[in-house]
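The lines below spell out each chain.
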Amino acid sequence: MIRLTVPSIEADDLEAVRHVVASGQLVQGPHVGRFESAIADVVGSKHAVVVTNCTAALQMALLAVGVGPGDTVVIGAYSWPTTANVVELCGAVPVFVDVDPESFNMRVDALEETLQRLHASPHAGRRVKAIIPIHVFGQIADMRGILAVAERFGIPVIEDAACALGASAEQRQAGSWGVMGCFSFHPRKAVTTGEGGAIVTNDETHARYLRALRNHGQDPVADQPDPFMFPGFNNRMTEFQAALGVSQMAKLGRIIAARRALAQRYDELLPSWLSRQGVPADDPRHVFQSYVVLLPTEVAPRRAAMISELRTAGIETQIGTWHMPLITYYRSRYGYQRGAFPVCDDIASRALTLPLYEGMTADDQRAVVEAVSAQVAHVAGR
Ligand SMILES: Cc1ncc(COP(=O)(O)O)c(C=O)c1O
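Residues numbered from 1 in each chain as written. Predicted model: local features only at pLDDT ≥ 70, side-chain atom pairs only at ≥ 80, totals over all residues. Heavy atoms only, no water.

### Regarding the domain arrangement of the protein
One can read the domain layout of the protein as domain 1 (11-249) and domain 2 (252-380). One C-alpha centre belongs to domain 1, the other to domain 2; they are set 25 Å apart. The interface is formed by 42 residues belonging to domain 1 together with 39 residues belonging to domain 2. At the boundary of domain 1 with domain 2, total buried surface from both sides reaches about 3300 Å², with 62% on carbon and sulfur atoms. Where domain 1 packs against domain 2, one counts 1 salt bridge. We note a salt bridge from Glu88 to Arg333, for which the minimum N-O separation is 3.5 Å. The interface formed by domain 1 and domain 2 includes 23 residue pairs in polar contact (both at pLDDT 80 or more). Listed by contribution, the elements that provide at least two residues to the side of domain 1 that touches domain 2 are strand 2 (72-76), helix 4 (82-89), strand 3 (93-97), strand 6 (168-169) and helix 9 (239-249). A per-class count over the side of domain 1 that touches domain 2 returns 25 nonpolar, 10 polar and 7 charged. (Domains from an automatic or database assignment. Contact = heavy atoms within 4.5 Å. Buried area = accessible area lost by both parts, 1.4 Å probe. Salt bridge = Lys/Arg side-chain N within 4 Å of Asp/Glu carboxyl O. Polar contact = N/O pair within 3.5 Å; in protein donor to acceptor, adjacent residues only side chain to side chain. Helix = DSSP H or I, 4+ residues; strand = E, 2+ residues; numbered from the N terminus. Nonpolar A, V, L, I, M, F, W, Y, C, P; charged D, E, K, R; others polar.)

Dropping the structure here:
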């Protein structure tokens, strides 16, 4: 089977985990801090706070900027459902923004229109507490444009950089543009700790609050008789995960370089009539958490059958990600229908993620391209 992804786990990663597990200090030791330093170094942020996963990271970031019941958070429409779910989990309402047909990222003009519409209503406008752009599949969103709009409206930006550790634009790393940025270390990401997440920020107050929030509300620098300042979560990462994170981070540059080279080979091998996620001309550094093609429109209705037939042929593929307004919960709660987000409608119905992992060979890639092209040609008569 040519898998969708295979994490780059090597002998030194295993040894790092073995060492911690054998030591008996499984939580609250030095490895979490080391992992945080490695993340902060790569991103160029003052602080990194590692947690159990990126879902927790995003929810905590929203709480840090004060999102609560009755508030509104404006987010891209095309993402893993987490990006909207965390807003609901804070008791707030997600308002979706359509995406760009080339980059699949939040459209700046659509963001501006959405904020203008919300601000025209005196109650809703005041309650827009955050904007979450998503760096879809590891390609950084138009952060300069998004920040310019956000600043005009005075709204903080939290980056959903789950897929984008190491991605950059204008020499500035994903996660370092907004007031906070959130990363995932799930095994489908370039580097992994199994489950895992991190929040990066330059803001001292947010960092202190996040460290308390992940640890039962205990202020890390409390001068009270007891440190419990508010009710918090237990969102702490274990030491053996953090040790794996440290050894994985040492390979991040190598893994991203390999993923970019594999993506370039796909670009060369795939037939020109099969379109794919575009990289804008000013070349932001895409880290290809996923390599995603768009099936021709007439083939899209057969996508589920194609995925199943490709699996039978030994090739694992997947849909891109989700049209969040149209998943069951958001569709039934807010009444969203096709047509409200036309670009997302199109991309979400046609996207197909191809296998991509560091150990993939040129022969594997040729086999994927041949099988996918044959499936498409069969239906579309190309
Ligand atoms: C864009 C995006 N945001 C958030 C998440 C949630 O990450 P986690 O699985 O670490 O909670 C994912 C997961 O893949 C994702 O793709």
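### Comments concerning the environment of Lys46
Note that Lys46 resides in the loop between helix 2 (30-43) and strand 1 (47-51). On the basis of relative accessible area, Lys46 is assigned to the exposed category, the value being 60%. Each C-alpha atom, one on Lys46 and one on Ser176, is 9.6 Å from the other, the two residues being 130 residues apart in sequence. Non-local contacts of Lys46, meaning those with residues more than four positions away in its chain, are made with Ala40, Thr201 and Asn202. (Buried < 20%, exposed > 50% of the residue type's maximum accessible area, 1.4 Å probe, protein only.)

### Quick word on empty space enclosed by the protein
All told, the structure shown has 3 cavities of 30 Å³ or more when counted by the stated rule. Roughly 80 Å³ of volume is contained in the largest cavity. Forming the walls of the largest cavity are 13 residues, and the residues nearest its centre are Cys163, Leu165, Lys189, Ala190 and Val191. The class makeup of the residues in the lining of the largest cavity is 9 nonpolar, 2 polar and 2 charged. Here the lining of the largest cavity spans two domains, since at least three of its residues come from each of domain 1 (11-249) and domain 2 (252-380). (1 Å grid on protein atoms, 1.4 Å probe; cavity = no way out; pocket = protein on both sides within 12 Å on 5 of 7 lines; lining within 4 Å. Points joined across faces, edges and corners; volume = space filled by probe spheres on them.)

### Re the nonpolar core
Membership of the largest hydrophobic core comes to 48 residues, with the highest contact counts inside it found for Leu62, Tyr78, Phe96 and Ile158. Residues lining this core come from more than one domain, with at least three contributed by each of domain 1 (11-249) and domain 2 (252-380). Grouped together as the second largest cluster of nonpolar side chains are 47 residues, Ala164, Ala167, Ala198 and Met249 included. (Core = buried A, V, L, I, M, F, W, Y, C linked by side-chain atoms within 4.5 Å.)

### Digging into the site of the ligand
In the region of the ligand, 14 residues are neighbours, and Cys54, Thr55, Asp160, Ser184 and Lys189 sit closest. Here Thr55 contributes a side-chain N or O atom positioned 2.6 Å from an oxygen atom of the ligand. Ser184 has a polar side-chain atom sitting 2.8 Å from an oxygen atom of the ligand. Burial of the ligand by the surrounding chains reaches 87%, relative to a free accessible area of 390 Å². Because more than half of its atoms lie within 2 Å of the grid, the ligand is assigned to the largest pocket. A per-class count over the shell around the ligand returns 5 nonpolar, 7 polar and 2 charged. (Near = heavy atom within 4 Å. Areas by Shrake-Rupley, 256 points an atom, 1.4 Å probe, with all protein chains shown as cover. Sits in = over half its atoms within 2 Å of the grid points.)

### A word on the packing of helix 3 (residues 54-64) against helix 8 (residues 204-213)
The contact between helix 3 and helix 8 brings their axes to 10 Å, and the two run at 125 degrees. Viewed along their axes, helix 3 and helix 8 adopt a mutual orientation that is oblique. The element helix 3 and its partner helix 8 pack so that their crossing is right-handed. In this structure, helix 3 uses Met60, Ala61, Leu63 and Ala64 to contact helix 8, whose residues at the interface are His206, Tyr209, Leu210 and Leu213. Residues of the contact of helix 3 with helix 8, tallied by class, amount to 7 nonpolar, 1 polar and no charged. (Axes fitted to C-alpha atoms, helices over the stretch in contact; angles between N-to-C directions. Parallel < 35°, antiparallel > 145°, perpendicular 65-115°, else oblique. Left-handed = near helix turned anticlockwise from the far one by under 90°.)

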